[in-house]
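Observations on chain architecture
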Amino acid sequence: MDDELLELQRQFEFAQQAKSSIRLSDRNVVELVQKLQELHIIDFELLHTVSGKEYITPEQLRHEIMAEIKKQGRVSLIDLADITSVDLYHVEKQAQHVVSSDSGLMLIQGEIISQTYWDSVAEEINERLQECSQLALAELAAQLQISSELVASVLEPRLGTTVKGRLEGGQLYTPAYVARVCAMVRGAARGITVPTNLSALWSTLQKLLQEMDGATGVAVEGSFFQSLFNGVVKEGEVLGSLRAGTHWTPSVFAIAQRECIDSFFSQNSFISYDALHKLGISQPVQFLQSRYPEGTPLVTAFVHPSMIEMLDAATEDAIERSSWIDSLSVLPASFGSQDASKILSLCSSVQSALKDVYDRMEKEVESFRLSGSSGIMPSDDSHLGKEAKIGHETGRFTESSETSSESGHKNATEKGSKKKKGKSGGNAKSGASESGADEQEYIPPKSKKSQRRGKDTSSQLSDSKPGAKKEGVKMQEENLKVPSEEWVIRKIMMLNPDFEEQGIDDPQTILRPLANYMRPMLINYLKEKRKALFTENAKMKRLLDNLQKKLDESFLNMQLYEKALDLFEDDQATSVILHRHLLRTTAAAIVDTLFLNLDMHNKLKNGIEAEELQNSESISLSSTERTALAKSFPGPLSKKALVVIEALEGKQVDKFMTAFRELMEESGLHLKKLDKKLERTLLHSYRKDLTSQVSAETDPVSLLPKVVSLLYVQIHNKALQAPGRAISVAVSRLKDKLDDSAYKILTDYQTATVTLLALMSAATGDEEGCSSDRTLSKKELLEDLMPALKGLVLGTSQA
């Protein structure tokens, strides 16, 4: 066996050393490989190397890539292309395949990196961290030639295991270093006793750490300090409140602050806003309102209800003694005139006195509005709006002059608590200033008259220079003709003579501020009165316009129906029936509509609330109700309304028409007269409507009166309104107007209809059912005749 192997080796060596007589060129080899691929003998993909001297399969390329990764743990695609001598395109393609099939690999920034590589890097980082206590991610990223984000993503899942440290703000810290810094933060926080901005505290700690660590130290981010601080606060190691993330208020300070405020407020029943500002409270009003919801904020201080009660008792006592008080002498010395004015406005005795004065002044200004003794009120609401602004400006001027005079002598001008006037006078300043803002917000609507006076109005409003203000106000008051300031002062003096008795006759002291306070409200009252009047006038005008439209249509139809009555003047009995029918139907509906709307107009005119009628045509009144309404109308209107009711219950349409025209004239309404053109239009509309009704009618009984009315329109060109009792006469009058066959159809149908109605009336008491059978038979007969009757009128109409 060994000899045979030796022989084979010898022969193989000889074959290798022998020179071939036939050699293939590189080109022949390439062509041969291509031919084998075409014949599908080579049925797998082959990749060329960069040199073009070799072929390599994708599987072999992936194998070589994996070999390089296992060897180095991290390799770039460019290096793989050089190592494998394969084009970068194929390397990238196969690298993606390799990475997707192995979860332990990642392709990042043109490099394939294995998890084992990251594990080794994490171990190295941990060793360095334990040596230095802190490392910057930026430094690690630069050394590893990757981004800081990638370093952070790799380290985060390994923190606490492979890497013994804490990652915060782009820095790695060892647990010992974190504990050290946390102790510094906790000590610094416990040492704070006043509200502090934490950003400044972190800056101080950063400088301290740099001094301690020297050049080897890494700059600690403020977010790291903040994170540690939030942790110690959450665990309750330091007590306090954190606002806006950086403003820290220690509990010891908050407790001392509240105790100081509570002590002062409980002892004095008030506290100034300046005191709270000194204690570090930037929004004192909100703070005090939340802590003492029963208190009241003034301009410069916050007061307990007991202080208001104290001043109210003193004011009420002054009123009972018909005297007055200086409210500043009762209130704390730190209170100013605005505070006193505000607190006086909260006193129930002052409010009652002001209400009493205003109620009496309101009656006076109502007399002024009605009598116009001091000038006619303008018809334009915009004047009232401007006057309200003038009152506000005057009030401000008086208040400022009063305040300046107060600085020289402590005079409680706005608090003079006169009997129902002293108190009201005391609140004059605050009232003027408070109500003035509301007056300025009013924007009056522009009427046509105000537009015509546009030039004068604009010149008045534009006159805002300080030197011209007083003159402009005076000119406006003269033009507006509203209660002037002097008029208000005179009325106050007249209604409250106690002012003169107390020697308070200087208008600048109490009367003028009180007038400035009252006047804008009085002007608003006049404005609202006028606005209500305008609204009622508009409502009445709309009511009359709608009534006019309703009556125009109804009365034209009444005139149209009246003309058909002439056809029956020779038959007195039938004429009376037709006259009464027209009066009790169409005429009665017109009268009811008129009376209901006139009654509503009368109520609105007298200032009585009345709901607008939505559909007065559908309301039917009895004779008693019509008479009651007629008697409620004023004077001559009532008499003419009663005449209309009498004519409505009579037998002559012409008498009703005459009485109704007189009533309309007395009401200020007009009636349209039916001329030839309107008559043709109405008849055409009436004929068209009747034709559609006859065509759509399915009730055999209701069909007959509609057919008769349509025939009269077609033959006589008259709109006949006939009740059932007059149908037979109306039919007989058509004998000479229709041919025999058509007239026979009409009379047969009319006879059958009368018979059917008689049977229906008798069937009510029929117990055996014989009448019911006959009724059904007659109804079937009428239904059979309906097409012929419809054809009679519809055929004539079409012709």
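Structure shown above.
Source: prediction; values computed, not measured. (Residues numbered from 1 in each chain as written. Predicted model: local features only at pLDDT ≥ 70, side-chain atom pairs only at ≥ 80, totals over all residues. Heavy atoms only, no water.)

Two elements in contact, helix 3 (residues 58-72) and helix 4 (residues 77-84), have axes whose closest approach is 11 Å; the angle formed by their N-to-C orientations is 120°. In terms of orientation, helix 3 and helix 4 fall into the oblique class. Remark: the crossing between helix 3 and helix 4 carries right-handed chirality. Residues Leu61, Glu64, Ile65 and Glu68 of helix 3 pack against Leu80, Ile83 and Thr84 of helix 4. In the contact of helix 3 with helix 4, the residues fall into four nonpolar, one polar and two charged. (Axes fitted to C-alpha atoms, helices over the stretch in contact; angles between N-to-C directions. Helix = DSSP H or I, 4+ residues; strand = E, 2+ residues; numbered from the N terminus. Parallel < 35°, antiparallel > 145°, perpendicular 65-115°, else oblique. Left-handed = near helix turned anticlockwise from the far one by under 90°. Contact = heavy atoms within 4.5 Å. Nonpolar A, V, L, I, M, F, W, Y, C, P; charged D, E, K, R; others polar.)

A separate point is the pattern of salt bridges. When charged atoms on two side chains of opposite charge get close, those side chains can pair. Enumeration over the complete set of coordinates arrives at 13 salt bridges. As a salt-bridge pair, Glu7 and Arg10 come within 2.2 Å of each other at their nearest N and O atoms. In this pair, Glu7 and Arg10 both sit in helix 1 (residues 2-17), three residues apart, roughly one turn of the helix. Taking the relative accessible area as the measure of exposure, Glu7 reaches 31% and is therefore partly exposed. For Arg10, a relative accessible area of 49% gives the class partly exposed. (Salt bridge = Lys/Arg side-chain N within 4 Å of Asp/Glu carboxyl O. Buried < 20%, exposed > 50% of the residue type's maximum accessible area, 1.4 Å probe, protein only.)

Okay, the packing of aromatic side chains next. Enumeration according to the criterion identifies twelve aromatic pairs in this entry. Each ring, one from Phe265 and one from Phe302, has its centre 6.0 Å from the other, and the planes form 45°; the classification is tilted. With a gap of 37 residues between them, Phe265 in helix 12 (residues 251-268) and Phe302 in strand 14 (residues 301-303) connect regions that are remote in the sequence. For Phe265, a relative accessible area of 5% corresponds to the buried category. Among the aromatic residues, those joined into a cluster by ring pairs are Trp202, Phe229 and Trp248. (Phe/Tyr/Trp six-rings, centres within 6.5 Å; stacked < 30°, edge-to-face > 60°.)

Our focus in this paragraph is a positive patch on the surface. A cluster of like positive charges, contributed by Lys563, Arg661, Lys673, Lys676, Lys677 and Arg680, occupies part of the molecular surface. For the positive patch, the element with the most residues is helix 32 (residues 676-696), which contributes three residues. (Patch = residues over 30% accessible without salt bridge, like charges linked within 9 Å, V, L, I, M, F, W, Y side chains within 5 Å. Areas by Shrake-Rupley, 256 points an atom, 1.4 Å probe, with all protein chains shown as cover. Lys, Arg positive; Asp, Glu negative; His and termini not counted. Charge placed at Lys NZ, Arg CZ, Asp CG, Glu CD.)

Another point: the side chain of Thr574. With respect to the helices and strands, the residue Thr574 is situated in helix 28 (residues 572-605). Look at Thr574 and you get buried, because its relative accessible area is 5%. Excluding residues that lie within four positions of it along the chain, Thr574 makes contacts with Phe568, Ala726 and Val729.

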